[in-house]
Amino acid sequence: MRWLSNVRLPEAMPPGGSPRQWRVGLDALQQITVVEPLAPGSCAAGDDWQGDWLSPAGIDLQINGGLGLAFPELTPRDLPRLVELLELLWRDGVEAICPTLVTCGVADLRQALTVLREARESHRPGRCLLLGAHLEGPFLARARRGAHPAQHLATPSLAALQERIGGFEQDIDLMTLAPELEGAAEVIAALRAQGIVVSLGHSEANEQQAATAFQAGVGMVTHALNAMAGLHHRAPGPIAAAALRGDVALGLIADGVHVAPSMAVLLQRLLPQQVVLVSDALAPYGLADGTHRWDERPLIVAQGSCRLEDGTLAGVTLPLLEAVGRLARWSGDAPLAIAAATVLPRRVLGDSRPIEQLLLGLPLQETLRWSGDGTDLLWQRAA
């Protein structure tokens, strides 16, 4: 047995206490077989990690493409480039993604789901895993559609849902919709019956409408504070409804543009176990800044931000783990920032095991080692 000692895990700090120290045991294949806390002040034999954090790799619940590929436009000939993207994501510390399909035509959506299924079935080590897709649309509020193409928005109905996902129910993990729309309640119930997580997004829902949706099983908010009402003292909106429940995940784009750093920190302090970092990366992820494309429209990429020609904010090209570093720098809370991209996304998808159990059985080379502090947080593969 090989031991790692003086290890920290990305867990919440106990009130008035100090971060726990752990030791980690590895078998002959360098798989994690033991994760156990150390008594305060004790020492343990093994490789001294000097208080560095150990975590699983990242999970990105909202990523729209990369290397020039937009997931809604996938065709069979894109499979080699898709493999390249999955290898890039693995190098960027991301273990798995929910490939996000923004609002598009029905035929394009079903073709993309077919290609993603083929790629998922041919998974290999050293590649990011394709989880079930995240359908962001088409049941969105027209006034809050942002960069989504208006011509492909649809009114929620069981028929419209079946037309889009019939036969692909097992290939979808998450769907974003506006729950206040007529017909949305039936769609939410059908999705939850299939085990698909439903997220509120691109929505004009007020606090009460959002609370009703959360009561009906909506379990997440997509890119919190964007494409929805903000927190206002007389109109609290969906974020307040989520905060009052305490069990609704808030997807957060921590680029400093979509949400101001101070508001990102406020959300995390308010809901430390509910804020989940997402990249919202678009097709130019992994490419240089410049003019690219969003469907048929020009997409201007500058310093990691993506906008349409009219200035509409469309997404980013920043890696998921870059968001961890930024949030840690703003908040000074490195373990919570790490957990927001590595542990908490798993809870959204139904894995509620504590961090020490999540690590058991993982090869060390598939985990991440984080060093530094909140102002200069760095990561590398743990082996």
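Details of the structure are given in the entry above.
Because the structure is predicted, anything quoted here is derived from the model rather than measured. (Residues numbered from 1 in each chain as written. Predicted model: local features only at pLDDT ≥ 70, side-chain atom pairs only at ≥ 80, totals over all residues. Heavy atoms only, no water.)

**Student:** Would you explain the sheet that holds strand β5 (residues 53–56) in this entry?
**Tutor:** Strand pairing in a sheet takes place through backbone hydrogen bonds and is either antiparallel or parallel in direction. Here three strands make up an open sheet; going across it, the order is β5-β21-β22 and the pairing antiparallel. Each having just a single partner strand, β5 and β22 (378–381) make up the two edges of the open sheet. In this sheet, adjacent strand axes meet at a mean angle of 30° when their direction is disregarded. With four bridges connecting them, β5 and strand β21 (residues 367–371) associate as antiparallel partners. Paired with Pro56 across the strands is Thr367, a residue of β21. (Pairing = 2+ DSSP bridges. Helix = DSSP H or I, 4+ residues; strand = E, 2+ residues; numbered from the N terminus. Axes fitted to C-alpha atoms, helices over the stretch in contact; angles between N-to-C directions.)

**Student:** Would you explain unusual backbone geometry in this entry?
**Tutor:** Backbone geometry follows two general trends: most residues other than glycine have a negative phi, and most peptide bonds adopt the trans configuration. Of note, the amide linkage connecting Gly137 to Pro138 takes the cis form, showing an omega dihedral of 10°. As for its placement among the helices and strands, Pro138 is situated in the loop between β11 (133–136) and α3 (158–165). Not every positive phi belongs to a glycine, and His202 is a case in point at roughly 45°. Examined against the element boundaries, His202 turns out to sit in the loop between β13 (197–200) and α5 (207–215). The phi torsion at Gln303 lies on the positive side, around 55°, for a residue other than glycine. Within the secondary structure layout, Gln303 lies in the loop between β18 (297–302) and β19 (305–308). Judged by relative accessible area, Gln303 falls into the exposed class, the value being 75%. (Buried < 20%, exposed > 50% of the residue type's maximum accessible area, 1.4 Å probe, protein only.)

**Student:** It is not clear to me how the nonpolar core should be interpreted in this structure. Could you clarify?
**Tutor:** In globular proteins that are soluble, nonpolar side chains generally tend to be buried together. The biggest cluster of nonpolar side chains holds 80 residues, and the ones touching the most others in it are Leu82 and Leu277. Those residues within four positions of Leu277 in sequence are excluded, and the remaining contacts are Ile59, Leu252, Ala254, Leu320, Ala323, Val324, Leu327, Ala337, Ala340 and Ala341. Membership of the second largest hydrophobic core comes to 18 residues, among which are Val7, Val24, Ala339 and Leu362. (Core = buried A, V, L, I, M, F, W, Y, C linked by side-chain atoms within 4.5 Å. Contact = heavy atoms within 4.5 Å.)

**Student:** How do you make sense of the sheet that holds β18 when you look at a structure like this?
**Tutor:** Judged by pairing direction, the sheet is antiparallel, and its four strands sit side by side in the order β17-β18-β19-β20 without closing on themselves. The strands lining the two open edges of the sheet, one partner per strand, are β17 (290–294) and β20 (313–316). Averaged over all pairs of adjacent strands, the angle between their axes in this sheet comes to 35°, without regard to strand direction.

**Student:** In this structure, what is going on with the packing of helix α8 (residues 320–331) against helix α9 (residues 334–342)? I would like to understand it.
**Tutor:** Working note: a packed helix pair is described by the angle between its axes plus the distance between those axes. Packing of α8 against α9 leaves a shortest axis separation of 8 Å and a crossing angle of 155°. As the angle between them shows, α8 and α9 are arranged roughly antiparallel. Handedness of the crossing formed by α8 with α9: right-handed. Within the contact between the two elements, α8 uses Leu320, Val324, Leu327 and Ala328 and α9 uses Ala334, Ala337, Ile338 and Ala341. Considered class by class, the residues forming the contact of α8 with α9 number eight nonpolar, no polar and no charged. (Parallel < 35°, antiparallel > 145°, perpendicular 65-115°, else oblique. Left-handed = near helix turned anticlockwise from the far one by under 90°. Nonpolar A, V, L, I, M, F, W, Y, C, P; charged D, E, K, R; others polar.)

**Student:** Looking at this model, I keep getting lost on helix α4 (residues 184–193). Mind explaining?
**Tutor:** Quick reminder: α-helices carry 3.6 residues per turn. Residues three or four places apart thus point the same way. By the burial criterion, the buried members of α4 are Ala184, Val187, Ile188 and Leu191. Angular distribution of buried residues about the axis of α4 spans 100°; they occupy a single face of the element. Looking at α4, the residues exposed on the side facing more than 90 degrees away from the buried face are Ala185 and Ala193. Gly195 sits one or two positions beyond α4 and adopts a positive phi of about 80°. (Arc of directions from axis to C-beta.)

**Student:** Is there a simple way to explain the pattern of salt bridges in this structure?
**Tutor:** Note that side chains of opposite charge can pair when their charged atoms are close. One pass over the full model with this rule turns up 15 salt bridges. Measuring nitrogen to oxygen at the nearest pair gives 2.7 Å for the salt bridge that ties Glu11 to Arg20. Given a relative accessible area of 18%, Glu11 falls into the buried group. For Arg20, a relative accessible area of 39% corresponds to the partly exposed category. The partner of Glu36 in a salt bridge is Arg23, and the shortest N-O contact between them spans 2.5 Å. Of the two residues, Glu36 is situated in strand β3 (residues 32–37) and Arg23 in strand β2 (residues 22–26); the sequence distance between them amounts to 13 residues. Assessed through its relative accessible area of 22%, Arg23 is described here as partly exposed. Here the salt bridges do not stand alone but share partners, grouping Arg117, Arg120 and Asp171 into one network. (Salt bridge = Lys/Arg side-chain N within 4 Å of Asp/Glu carboxyl O.)

Read these as spatial facts, not as claims about activity.
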